Each structure stands twice: as C-alpha cells, then as structure tokens.
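Examining the three-dimensional arrangement
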Amino acid sequence: MTRTVLIIEDNPGIGELVRMQVSDLGMKPVLVDRGDTGLERFREGGVDLVILDLMLPGLDGLAVCREIRACPGYVPVLMLTAKSTELDRVLGLEMGADDYLTKPFSVAELAARVKALFRRVDALSQAAPAGDQADEIEVDGLRIDPVRRRVFVDDREVDLTAREFDLLWHFASHRGRVFSRAQLLDSVWGYNHEGYEHTVNTHINRLRNKIEADPADPRYVQTVWGVGYRFMD
C-alpha cells in the first residue's frame, strides 16, 4: 500500500523539493501551502505522515500540530523550521511533533528522517501487544501501560508525547542498562546522525520535567556521566 505524506509548507521552492523527494521514495505526496487548509486535509483522513512547516499562513505549525494530536489515532509529524533556537524546537516537540529539521536541510537528511519515522511506526505496529496480555511496568510509583500508552506517577496521569513515551518505554524495558545518545537515536528515533545528540538531550529534559519530582536529581532516568543514560535499577 502506497503511503500518503501530507506536506504543509508555504515556501513554493521548499514545498516542491519535499514533494519531489517524497515521490522519489515511492510515496504519495499531498502539498498544501496553508496551515488551516492542511489541517482540513488531514481531517479528511488517509494521511500516514505529516511534514509540517512552523511558520504558516492561516494557522501556524504549532497550532496545526496541536490539533493533529487532538485527533484520534497516531500519525507521525516531522516539523520543518527556519528557526534554530532550542525554545522553538522544544515547543514543537511539546505540541507533539515526533522530530524536526532545521532549514536549510539536505535532501538525503530529509529522506533519512522520513524513512526512520516509518520504520518506527512499523516497529511499533509489529511490537504492539494484543488485548490485555501486555505487561505493565511499575516501579517506585511509576506505572507504564504499553497497550493504552498511558503513564502514571503516584497515580497521577502524565501527558507524554509519542516520542517521550517511546523513550521512557525503551528505558524501562531495559532497566539498569546504560545507553549512549547515539544508541538511543538508533533505537528510539530509527536513525543515527552525528551532531543530532541534542535531540536526545531535549527529549530527556522534557521527560524528566514530567515524571520526576526533582528533574535536577532524577530517580527514574539517570545520567551516567561520560557515557549516557539509564533507567533506575
């Protein structure tokens, strides 16, 4: 089945470049140049991936992403932004974007991210436990439900983005094991490009802010200095 990629980008040159690359990957591109129009097209259904610009007329990319995440079902979102500040990246990730690319980016990098997101979706689909047979993970007040993809800390539900949940589940499924940033990029994001370790840092910081009583002194996701991170043993 051919996958459909919704591209919401108001820059004609970038939009056409992304459209051509998606087509070259054997996928069906749908190019829209406004945020509000793009959201309408998404709600019509049949979209497997959204490539979303941050700065858009009609409705900005953050608002579009927030509305997409409010819809039932999970569709990965790759955000494009001309801004490179960490605040913009964090805002996009907090709204539910799975990954981001800062302009200018190479065609090869775009292709790698798109393929990685679909590999992740496929892996999640194959690994998804059926019915109520999946085992929850519960440790020291933290409870992770892999079937419903819900997380509770001391019986209080914590709202995680899709990537934050995957990162936490990966850690909790390998308690005590130390992972480098490169290993986490490969296992959770599905790619490993030198220089993108900051993506891991950003997500771990956001995750700690949500699940830790004291993010500066975490008990769940711990730092192993000079190596990486591990889940409490």
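Only a predicted model underlies this, so the values are computations on that prediction, with no experimental measurement involved.

The helix and strand tally for the chain stands at eight helices and 12 strands. Counting the 233 residues in the chain, one finds 48% classified as buried. About 11,300 Å² of surface is accessible on the chain, with carbon and sulfur atoms providing 48% of the total.

With that out of the way, let us pick up the packing of helix α7 (residues 181–189) against helix α8 (residues 197–211). To describe two helices that pack against each other, one gives the angle between their axes and the distance between the axes. Viewed as axis vectors pointing N to C, α7 and α8 meet at an angle of 80 degrees, and their least axial separation amounts to 9 Å. With respect to α8, the element α7 is oriented roughly perpendicular. In contact with Arg181, Leu184, Leu185 and Trp189 of α7, α8 contributes Glu197, Thr199, Val200, Asn201, His203 and Ile204. Broken down by class, the residue content of the contact of α7 with α8 amounts to five nonpolar, three polar and two charged.

Moving on, we get to the pairing of strand β3 (residues 49–53). Put simply, side chains in a regular strand alternate between the two faces of the sheet. Of all five residues in β3, five are buried, a share of seventy percent or more. Here β3 shows two buried faces, one formed by Leu49, Ile51 and Asp53 and the other by Val50 and Leu52.

A few words now on the nonpolar core. Leu168, Phe171 and Phe231 are the most contacted members of the largest nonpolar core, which totals 27 residues. Elements supplying a minimum of two residues to this core: β6 (137–139), β7 (142–145), β8 (150–153), α6 (162–172), α7, α8 and β12 (228–231). Among the elements that take part in this core, α6 stands out by supplying five residues, more than any other. Those residues in contact with Leu168, other than ones at most four positions away along the chain, are Leu142, Ile144, Val151, Leu160, Leu207, Ile211 and Phe231. Ranked by size, the runner-up nonpolar core spans 21 residues in total, among them Phe42, Leu52, Ile68 and Tyr100.

Residues annotated by UniProt as "modified residue: 4-aspartylphosphate" (unreviewed entry) correspond here to Asp53. Along the chain, Asp53 falls in strand β3. In this structure Asp53 touches Ile8, Glu9, Asp10, Gly61, Leu80, Thr81 and Lys103, once residues within four positions along its chain are discounted.

The predicted model of the chain averages 86 in pLDDT, with 88% of residues at 70 or higher. When mean pLDDT is taken per element in the chain, strand β1 (residues 4–8) scores highest with 98 and helix α4 (residues 86–94) scores lowest with 64.

Pairing is antiparallel in the open sheet, where three strands are placed in the order β10-β12-β11. Because the sheet does not close on itself, it has two edges, and the strands there are β10 (178–179) and β11 (221–224). With two bridges joining them, β10 and β12 adopt antiparallel strand pairing. Within the sheet, the bridge partner assigned to Val178 lies in β12 and is Arg230. Together, β11 and β12 form the strand contacts of α8, whose direction differs from that of β11 by roughly 135 degrees.

What follows concerns the environment of Ala70. Secondary-structure assignment places Ala70 in helix α3 (residues 61–70). In this structure, the C-alpha to C-alpha distance between Ala70 and Gly96, residues 26 residues apart in sequence, is 9.6 Å.

Packing of α6 against α8 brings their axes to within 10 Å, and their N-to-C directions diverge by 85 degrees. Regarding the angle of α6 to α8, the classification is roughly perpendicular. Contacts between α6 and α8 involve Arg163, Glu164, Leu167, Leu168 and Phe171 from the first element and His203, Ile204, Arg206, Leu207, Lys210 and Ile211 from the second. A class-by-class count of the residues in the contact of α6 with α8 yields six nonpolar, one polar and four charged.

Thresholds applied
Per-chain numbering applies: the sequence of each chain, read as written, is numbered from 1 onward. Note on the predicted model: pLDDT of at least 70 is required for a residue's local features to be given, and 80 or more for side-chain atom pairs to be given and counted; whole-chain, interface and lining totals, by contrast, use all residues. Calculated side-chain values reflect all of the structure's heavy atoms, with hydrogen atoms and water omitted. Secondary structure is summarised from DSSP: a helix means a run of H or I of at least four residues, a strand means a run of E of at least two, and numbering begins at the N terminus for each. A 1.4 Å probe rolled over the protein chains alone gives each residue an accessible area, and that area as a share of the maximum for its type sets the label: buried under 20%, exposed over 50%, partly exposed in between. For accessible areas, the Shrake-Rupley method is used with a probe of radius 1.4 Å. Any residue's cover is judged against the shown protein chains and nothing else. Only the stretch in contact is used when a helix axis is fitted, and all axes are lines through C-alpha atoms; the angle between N-to-C directions ranges over 0 to 180 degrees. Roughly parallel means an angle under 35 degrees; roughly antiparallel means over 145; roughly perpendicular covers 65 to 115; every other angle is labelled oblique. In this analysis, two residues are considered to be in contact whenever any of their non-hydrogen atoms come within 4.5 Å of each other. Residues are grouped as follows: nonpolar covers Ala, Val, Leu, Ile, Met, Phe, Trp, Tyr, Cys and Pro; charged covers Asp, Glu, Lys and Arg; every other residue, Gly included, is treated as polar. By convention a nonpolar core is built from buried Ala, Val, Leu, Ile, Met, Phe, Trp, Tyr and Cys residues, the set being connected through side-chain atoms within 4.5 Å. UniProt positions are given in the numbering used here, feature names are shortened, and annotations may be inferred rather than shown by experiment. A residue's pLDDT is the predictor's confidence in that residue, given on a scale from 0 to 100. Strands are treated as partners if at least two bridges between them are detected by DSSP.

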